[in-house]
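Notes for the structure review
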Amino acid sequence: MRRIVGLSSGKSLRILVVEDEILIALELESLLQEAGHDVVGVATSCDEALAMARDLAPDLAFVDIHLTDGPTGVDVCRHLTSQLGVTTLFMTANAKRIPEDFAGACGVIAKPYTERGVREALAYVIVGQKPHGAGAAQTMTFVPFEALSREDSSQVS
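Reading guide: rules and limits
- Residues numbered from 1 in each chain as written.
- Predicted model: local features only at pLDDT ≥ 70, side-chain atom pairs only at ≥ 80, totals over all residues.
- Heavy atoms only, no water.
- Salt bridge = Lys/Arg side-chain N within 4 Å of Asp/Glu carboxyl O.
- Helix = DSSP H or I, 4+ residues; strand = E, 2+ residues; numbered from the N terminus.
- Buried < 20%, exposed > 50% of the residue type's maximum accessible area, 1.4 Å probe, protein only.

Some points on the pattern of salt bridges
Counted according to the given criterion, the structure contains six salt bridges. A salt bridge links Arg14 to Asp38; the shortest N-O distance between them is 3.8 Å. With Arg14 in strand E1 (residues 14-18) and Asp38 in strand E2 (residues 38-43), this residue pair connects regions lying 24 residues apart in the sequence. With a relative accessible area of 31%, Arg14 lands in the partly exposed category. The exposure class of Asp38 is partly exposed, given its relative accessible area of 37%. Arg119 is paired through a salt bridge with Glu115; the nearest N and O atoms lie 3.0 Å apart. One end of the pair, Arg119, and the other, Glu115, are both in helix H4 (residues 115-127), four residues apart, so they sit about a helical turn from each other. Overall, Glu115 belongs to the partly exposed group, its relative accessible area being 44%. One network of salt bridges, in which partners are shared, links Glu19, Asp64 and Lys111.

Following this line, the structure appears as structure tokens:
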């Protein structure tokens, strides 16, 4: 799975938010900007996400699985990772929709997400820092896929 390697923690990432619930998208955009990153766009559908990704060349995309045009987030993730080389993270309340191969995503942030979960995801993507602490997988809202077996991923929700 692709992570953004070689970035100093001070470098700003160019991030695409793929989320059809506008209040969630705006809250996430604000949180990412407060963390020092540049949100290059917010897409609400598969076609919009793919067009924005081609035009804006983000480093990272936060992708909801269920968009305005249905459960197309998995397709978005596959295309972003395989065709455009964009690092992706899923955001979902239903981890059972994540395919066995994770569609190329690095991890999942469970909804409702927390600021801590988003920051853990960013740290993991930028420097490979895994969440730590006893029982971390049961209490955090971000789970890196390389830390899980497929059965464990269904526990994220």
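There's plenty left to go through after this.
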